[in-house]
Amino acid sequence: MNNEPLVLVVEDDAPIRNLIATTLKTRGYPYVTANDGKTAIMLATARNPDVILLDLGLPDTDGTEVIKTVRRWTDAPIIVISARTDDKDKIAALDLGADDYLTKPFSVEELLARLRVMQRRLANAVNKGDPVFVNGDLKIDFQAGCAYMNGEELHLTPIEFKLLCLLAGNVDKVLTHTYITRHVWGAAWENNVSSLRVFMATLRKKLDRGDGFPQYIQTRVGVGYRMPRM
Ligand code: CA
C-alpha cells in the first residue's frame, strides 16, 4: 500500500482544480480529478480514494448529492470546498457525512493542513472500538463512564460526558449543532443551540488546565464543534 493517501479532487473550476493538483503533486500525494458529479461518483467507485476534496457547486449536480451517493459505501474523509459564504450549505454537507470544509478562497497551506488532519484520522482509524480513548492528556473510559485529564478524574454531568464521548468518537471531524443536539438530547431538541453552547462552555472549562490551551474542543463559528487529535 502507498504511504500517501489517494486524493480524489472534484472541482469544475479549472484554475482551482489545477492549483490543488499542483499542490498535491509537489507534496507527493497521488490524486485523480473529476470536473463533475457523475465523474466523481465513477472515480470514487473505481479508485476507492482515501480522501475526497469536493466542490459543492458542480455543473451537473449539487456536491451534496455526491456525498449522499458515496456515503452509501465509503467512510473516506470528505472535505467540502465551497465558495458559498452561506453556512447552510456547509452544514448540510456536514450533516450528510462530510468531515470538514474549506471556504474559497483558501491558501495552499490551509489545504495541506486539512489533508494532514485527514491522514492522521486514517492512521488512527484502527483504534476505533477501543474501550478506552486517549487523546493527549485526555483519557475516557467508556465502560466505566469516567473521563480523566492528566490522570485526574473530571467531574462531569451525564450530559457533559455524553458530549465529550460524541466529540471523542469523531476526532478531527466537524460536528454540526444539529448533529450534536440530536445525538445528545434527541430529535425534539435539535434546535436547542443556545443550551448546547452553555453545556459546551462548562465542559470546556472542566477540560481546561488554566491557560485555555491546548483546546480539546474547538468552535467553528455558526457551524459546530470539533475535537482535534492532539
Ligand atoms: Ca464549482
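Residues numbered from 1 in each chain as written. Predicted model: local features only at pLDDT ≥ 70, side-chain atom pairs only at ≥ 80, totals over all residues. Heavy atoms only, no water.

The final tally for this structure, using the stated rule, is 10 salt bridges. Between Lys-206 and Glu-160 there is a salt bridge whose closest N-O contact spans 2.7 Å. Within this pair, whereas Lys-206 is found in helix α8 (residues 193-207), its partner Glu-160 is found in helix α6 (residues 158-168), the two being separated by 46 residues in sequence. Glu-160 sits in the buried class, given a relative accessible area of 3%. Linked through salt bridges whose partners overlap, the residues forming this network are Glu-11, Asp-55 and Lys-104. (Salt bridge = Lys/Arg side-chain N within 4 Å of Asp/Glu carboxyl O. Helix = DSSP H or I, 4+ residues; strand = E, 2+ residues; numbered from the N terminus. Buried < 20%, exposed > 50% of the residue type's maximum accessible area, 1.4 Å probe, protein only.)

Taken domain by domain, the protein chain holds domain 1 (7-127) and domain 2 (132-226). Distance between the C-alpha centres of domain 1 and domain 2: 26 Å. For the domain 1 and domain 2 pair, buried surface summed over both sides reaches about 1000 Å², with 45% attributable to carbon and sulfur atoms. Viewed at the interface, domain 2 and domain 1 are joined by one salt bridge. Between Asp-100 and Arg-220 there is a salt bridge; the shortest N-O distance is 2.9 Å. (Domains from an automatic or database assignment. Buried area = accessible area lost by both parts, 1.4 Å probe.)

Interhelical geometry of α6 versus helix α7 (residues 177-185) gives an angle of 130° and a closest axis separation of 10 Å. Our classification of the angle between α6 and α7 gives oblique. As for the relative orientation of α6 and α7, their crossing is right-handed in sense. On α7, the residues that touch Ile-159, Lys-162, Leu-163 and Leu-166 of α6 are Tyr-179, Ile-180, His-183, Val-184 and Trp-185. When grouped by side-chain class, the residues that make up the contact of α6 with α7 number seven nonpolar, one polar and one charged. (Axes fitted to C-alpha atoms, helices over the stretch in contact; angles between N-to-C directions. Parallel < 35°, antiparallel > 145°, perpendicular 65-115°, else oblique. Left-handed = near helix turned anticlockwise from the far one by under 90°. Contact = heavy atoms within 4.5 Å. Nonpolar A, V, L, I, M, F, W, Y, C, P; charged D, E, K, R; others polar.)

With that settled, the discussion passes to the coordination of the calcium ion. Four donors placed tetrahedrally about a metal ideally form angles of 109.5 degrees, and six donors placed octahedrally ideally form angles of 90 or 180 degrees. For the calcium ion, the full set of protein donor atoms is Asp-12 (OD), Asp-55 (OD) and Gly-57 (O), at a range of 2.1 to 2.3 Å. Judged by relative accessible area, Asp-55 falls into the buried class, the value being 3%. Given a relative accessible area of 33%, Gly-57 falls into the partly exposed group. (Donors = N, O, S within 2.8 Å, 3.2 Å for Na, K, Ca; no water.)

Another aspect to go through is the pairing of strand β3 (residues 51-55). Among the five residues that make up β3, five are buried, leaving the element largely enclosed by the rest of the structure. Because side chains alternate across β3, one face comprises the buried residues Val-51, Leu-53 and Asp-55, and the other comprises Ile-52 and Leu-54, equally buried. The pairing of strand β1 (residues 7-10) with β3 spans four bridges and is classified as parallel. Bridge pairing in β3 links Leu-8 to Ile-52. Across four bridges, the pairing between β3 and strand β4 (residues 78-82) is parallel. Its bridge partner lying in β4, Leu-54 is registered against Val-80. With respect to chirality, the unit in which β3 leads through helix α3 (residues 63-70) into the neighbouring parallel β4 is right-handed. (Pairing = 2+ DSSP bridges. Right-handed = clockwise from strand over helix to strand, strands pointing away.)

Before going further, it helps to spend a moment on helix α2 (residues 37-47). Residues of α2 that are buried: Gly-37, Ala-40, Leu-43 and Ala-44. The arc that holds every buried residue of α2, seen down its axis, measures 125°, which confines them to one face. Exposed residues pointing more than 90 degrees away from the buried face of α2 are listed as Lys-38, Thr-45 and Ala-46. Summarising the contacts, the buried residues of α2 are in contact with β1, β2 (31-34) and α3. Where α2 begins, the capping side chain belongs to Asp-36, and its oxygen is found 3.3 Å from the backbone nitrogen of Lys-38. (Arc of directions from axis to C-beta. Polar contact = N/O pair within 3.5 Å; in protein donor to acceptor, adjacent residues only side chain to side chain.)

Further remarks concern the sheet that holds strand β8 (residues 146-149). Taken together, four strands build an open sheet; the order of strands is β6-β7-β8-β9 and the sheet is antiparallel. The open sheet has two edge strands, β6 (132-135) and β9 (152-153), and neither has a second partner. Each of β6, β7 (138-141) and β8 is contacted by α6, which is oriented at about 110° to β7, the strand it contacts most.

Attention now goes to unusual backbone geometry. Omega for the bond connecting Lys-104 with Pro-105 falls within 30 degrees of zero, at -5°, which places this linkage in the cis form. For Pro-105, the location among the structural elements is in the loop between β5 (100-103) and α5 (108-124). Backbone geometry at Asn-150 places phi at a positive 60°, although glycine is not the residue there. Looking at the element boundaries, Asn-150 is found in the loop between β8 and β9. Positive phi outside glycine occurs at Asp-172, with the angle close to 75°. In this structure Asp-172 comes out as buried when scored by relative accessible area, which is 0%.

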